[in-house]
Each structure stands twice: as C-alpha cells, then as structure tokens.
Amino acid sequence: MQEPPLKSISILVPMFNEEAVLPLFYEAVDAVLTQLPGYRFEYLFVDDGSTDGSADFVRSLAQRDPRVSLVVLSRNFGKERAMLAGLDVADTDATIVIDADLQDPPSLIPKMIELWEEGWQDVYAQRRSRAGESWLKRSTSRWYYRVLQSVSRVSIQADTGDFRLLDRDCVMALRRYRESERNMKALFSLVGFRKIALPFDRDPRAAGGTKFNYWKLGNLAVDGITSFTTLPLRLSSIIGVIVSLAAFVYLVIIVARALIPGGESVAGYPSLMAVILFLGGVQLLSLGVIGEYIARIFSETKARPVYLTSEVRLGTPGHAPGRGDDVPGAAGHDG
Ligand code: UDP
Ligand code: MG
C-alpha cells in the first residue's frame, strides 16, 4: 500500500550564549522525538550572535545528525528577530518554537502535534506556574498582559510565551510582518488562525542565566504596547482636555474673586506654582508619548533589514539517527 508522505516539523530554537545547556537540550528533545516515528523532524537552531561556543556545538551536531539546520545571525538581534530568521527558512508543515534552556518542556511536543492533527493551527503552551522566577517577574508579567489586553481589540493570550506549534499557514503569515520593532506575542495574536491553549508548568532554567533583565523586559513591554495600540496618544489628548477644562473653571473663579469687592487678587503664589508644575509635567509626558510613536515611525521608515545572517546551513528533515532510513515510507519500522 502506498503511504502518504510523512509530515515534516521544524524545531525552531533561538539561542544566545546557550553553550551550557545545548547538549542537555538536544538530548531531552531527541528523547521525545524518537517517540514520534510518524513525522520527519528538523532542528533549526538560530544563533543570535552568541559569543560562546553555541554555534560550534551545533556545527558539530550537524556532522552527526543530518536533521540539524543552523542559521547564524551576524550579531545579537534579540530573540524576536532571531525567531523571524528561523521562520524565514523553515520549510516544513509545522514549526515548533522552543527555548534552548529547557524552560519549555519538550514533553509537551507530542500533545502539541496531536492538537495540530485535530486541526488547530496555533497550539500555544500556557503557563500554569512559573517555578524559579521571582515574585516580581511573575506579577509584572501578569499585570502587563492585563493592561495590554484592556487596551487592545485583538485578544491576547495571557501567560503565554513563544513556546508553540505553528502550522505552515501561520508561519507564512508571520513572515509577512517585517517590522523591525518586533513583538512576537503581539504578532501571534494579530495573525489570527485557529488557536488553542495547552496548559503546562514552567520549569526553572536547566543551566546558565537568563538573557533578559528588567531593562530589556521593560523595553519589550513598551514596544508591545506601542505596536499594539495608539491608546497612549489618545490618553494624553484626554488628559489635555480635562486639564484645560479644569484650568478654565479655575480661571473663572479667579477673575470672579478679583471682581468681587473685598476679594483678594494678588496672593496665590503656591497655587500658581502648583498649576505651572502640574501642567509642565503633563506636557512633558504627552511629548514623551508622542516621541515614542515618532521613534517607531522613524525606525520603520528606514526599512532596515530585520536581521542579517552570516551563515545558513540547512539539514534535511528526517527520523532520529539509527531509526531507519530518511527516505519517507521506505522503512517499515513504525508498526
Ligand atoms: N535569546 C535569544 N536572543 C536574545 C536573548 C535570548 O535568542 O537576545 C534566546 C535564549 O537563548 C533562549 C530564549 O531566547 O533560548 C529565551 O531566553 P531566556 O531563557 O534568557 O529568557 P527567559 O526565559 O528568562 O524569559
Ligand atoms: Mg528562559
């Protein structure tokens, strides 16, 4: 009987100085992939300008394992752009984005594929708990999602990272978003498609330290808001209107008091200072908000490339080494 060709799946791994954890990662993922003989897998490592031996490890891995692809970016572009670099070369039926640090449990992969086979196009892992992350990080991220959701019209998946399975249609759609100020969480929501959550418990990092700090996260948060919505601009207009109205009412009161015989007209230095300082603050804030958007316009109009690669070596999707041929349908081992 002629079997249909096996479906192919890319495991897309953005990595930045992950030398310490990569061997563990490969081992853990491979243990899962060998359980799934019905698919041809490809490892797609994107080296985001690592300064350690991450790329060298993947190169040596590619010698042993023909399923390993490597894209090396010319410098550190950030995870968001590194992911796009991977999506750009992924030529498989589905792509699974996963962190190199094993915080995204590979054991979820079979379930993701199952849901994909049921017809879901974007199977995203949703965190139930976040072991090993500080209370501050947990609560800031929770509030951030809440704020983002309340200001935007598209629905945003809370407690969701980049760990997900995307089918070919989703990948093709994401490739068309070429803005350089990227926020993948926003883009995943914006493209739509049939989405389903897969709850899991997030583990602490297996090795190495986090590549994000609060400064980076804060910037990512501002990018997320400004790429999703222009509400801050609207807010500063609204504040402007309210303050002007209040100022007008106060003006009427002052004039009236000056006209009434016996009313004082000169005193009022403290209130004057208060009003000047308050208005000055509101003006600076509004200017800052406008500036944020102008900065985005500025960087997008330059239309710079989102990332640059210095090396692309593509493998071929297949089975785990030692599990029969790479030729689809040639081996009868998956009985
Ligand atoms: N990463 C990247 N470029 C960066 C920062 C991080 O490709 O500039 C990768 C990193 O190697 C890891 C993933 O993105 O595979 C998530 O990073 P990390 O674990 O540091 O983030 P956290 O889990 O703390 O949010
Ligand atoms: Mg991590």
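Criteria and thresholds
Residue numbering note: each chain is counted from 1, following its sequence as written. Here chains are named by letter from A upward and ligands by number from 1 upward, in the order in which they appear as written. Totals for whole chains, interfaces and linings use every residue, but because this is a predicted model, local features are given only for residues with pLDDT of at least 70 and side-chain atom pairs only at 80 or more, for both listing and counting. Neither water nor hydrogens contribute to the side-chain values; these are computed over all heavy atoms in the structure. Each helix is a run of H or I in the DSSP string that is no shorter than four residues. Each strand is a run of E no shorter than two, and both are numbered from the N terminus. Only protein chains enter the calculation, and the probe is 1.4 Å; a residue is then buried if its accessible area is under 20% of its type maximum, exposed if over 50%, and partly exposed in between. Note on contacts: a residue pair is in contact if any heavy atoms of the two residues lie within 4.5 Å. Two rings from Phe, Tyr or Trp (for Trp, the six-membered ring) form a pair when their centres are within 6.5 Å of each other. A pair whose planes differ by under 30 degrees is stacked, one over 60 is edge-to-face, and the rest are tilted. The span you would expect from a helix comes to 1.5 Å times its residue count less one. The term salt bridge refers to a side-chain nitrogen of Lys or Arg lying within 4 Å of a carboxyl oxygen of Asp or Glu. Only nitrogen, oxygen and sulfur atoms count as donors, using a 2.8 Å cut-off from the metal that widens to 3.2 Å for Na, K and Ca. Water is left out, so coordination shells may look unfilled. Like charges are joined within 9 Å and nonpolar side chains (Val, Leu, Ile, Met, Phe, Trp, Tyr) within 5 Å, but only among residues with over 30% relative accessible area and no salt bridge; these make up the patches. Where accessible areas are quoted, they stem from the Shrake-Rupley method and a 1.4 Å probe; at the residue level, only the protein chains shown are allowed to cover. Note: pLDDT gives the predictor's confidence per residue, expressed from 0 to 100. This arc is taken over the directions from the axis of the helix to the C-beta atoms. In this text, buried Ala, Val, Leu, Ile, Met, Phe, Trp, Tyr and Cys residues form a nonpolar core when linked through side-chain atoms within 4.5 Å.

**Some words on the overall build of the protein**
At step 1: Helices and strands together make up the secondary structure of the protein, namely ten helices and eight strands.
At step 2: Buried residues in the protein amount to 43% of all 335 residues.
At step 3: Across the protein, the fraction of contacts at a sequence separation of at least 24, relative to all contacts at a separation of at least 6, is 83%.

**Some thoughts on the side chain of R127**
At step 1: If you trace the backbone, R127 turns up in strand β5 (residues 122–130).
At step 2: We classify R127 as buried; its relative accessible area is 9%.
At step 3: In contact with R127, not counting residues within four places along its chain, are Y145, D159, T160, G161, F200 and R202.

**A short note on the packing of aromatic side chains**
At step 1: In the structure shown here, the tally under the stated rule is six aromatic pairs.
At step 2: Considering the side-chain rings of Y43 and F45, the 5.9 Å spacing of their centres and the 5° angle between planes classify their relative orientation as stacked. In terms of burial, Y43 and F45 fall into one category: buried.
At step 3: With a centroid separation of 6.0 Å and an interplanar angle of 80°, the aromatic rings of F163 and F200 are classed as edge-to-face.

**So, helix α10 (residues 269–301)**
At step 1: Here α10 is 33 residues long and its end C-alpha atoms lie 47 Å apart, about the 48 Å a rise of 1.5 Å per residue gives.
At step 2: Listed as buried for α10 are V282, S286, V289, Y293, R296 and S299.
At step 3: Where α10 ends, the next residue or the one after it, A303, has phi of about 50°, a positive value.

**Some remarks on the pattern of salt bridges**
At step 1: Scanning the model with the defined rule gives 14 salt bridges in all.
At step 2: Between K7 and E117 there is a salt bridge, with its nearest N and O atoms 2.8 Å apart. Of this pair, K7 sits in strand β1 (residues 7–15) while E117 sits in helix α4 (residues 109–117), placing them 110 residues apart in sequence.
At step 3: The class for K7 is partly exposed, based on a relative accessible area of 33%.
At step 4: Salt bridges sharing common partners tie together D56, R59, E311 and R313.

**Observations concerning the coordination of the magnesium ion (ligand 2)**
At step 1: Every protein donor of the magnesium ion (ligand 2) is listed here as D101 (OD) and Q103 (OE1), and their distances to the metal cover 1.8 to 1.9 Å. By the burial criterion, D101 is buried, and Q103 matches it.

**What about the environment of S310?**
At step 1: In this fold, S310 is placed in strand β8 (residues 309–313).
At step 2: The class for S310 is exposed, based on a relative accessible area of 52%.
At step 3: Between the alpha carbons of S310 and L73 there is a distance of 5.6 Å; along the sequence they are 237 residues apart.

**Thoughts on a nonpolar patch on the surface**
At step 1: A grouping of F248, L251, V252, V255 and L259 is seen on the molecular surface, where their side chains present a nonpolar patch of about 510 Å² in accessible area.
At step 2: As for its placement among the helices and strands, V255 is situated in helix α9 (residues 231–259).
At step 3: A relative accessible area of 43% places V255 in the partly exposed class.

**Quick look at the confidence of the model for the protein**
At step 1: Per-chain confidence: the protein averages 81 in pLDDT, with 88% of residues scoring 70 or above.
At step 2: Across residues 323–335, confidence stays below pLDDT 50; counting only partners more than four residues off in sequence or on other chains, it has 16 contacts.

**Topic: helix α2 (residues 54–64)**
At step 1: Restricting attention to buried positions, one finds in α2 the residues S54, A55, F57, V58, L61 and A62. Buried residues of α2 fall within an arc of 155° about the axis and therefore sit on the same side. For α2, the exposed residues lying more than 90 degrees away from the buried face are Q63 and R64.
At step 2: Packed against the buried residues of α2 are β1, α1 (22–33), β2 (39–47), β3 (68–73) and β8.

**Some words on the nonpolar core**
At step 1: Counting 40 residues, the largest nonpolar core has I11, F45, I96 and I113 as the members making the most contacts within it.
At step 2: Contact partners of I113, with chain neighbours within four places excluded, come to I9, L36, Y39, F41, I96 and L165.
At step 3: Within the second largest apolar cluster, 24 residues are counted, among which are L73, L87, L174 and F188.

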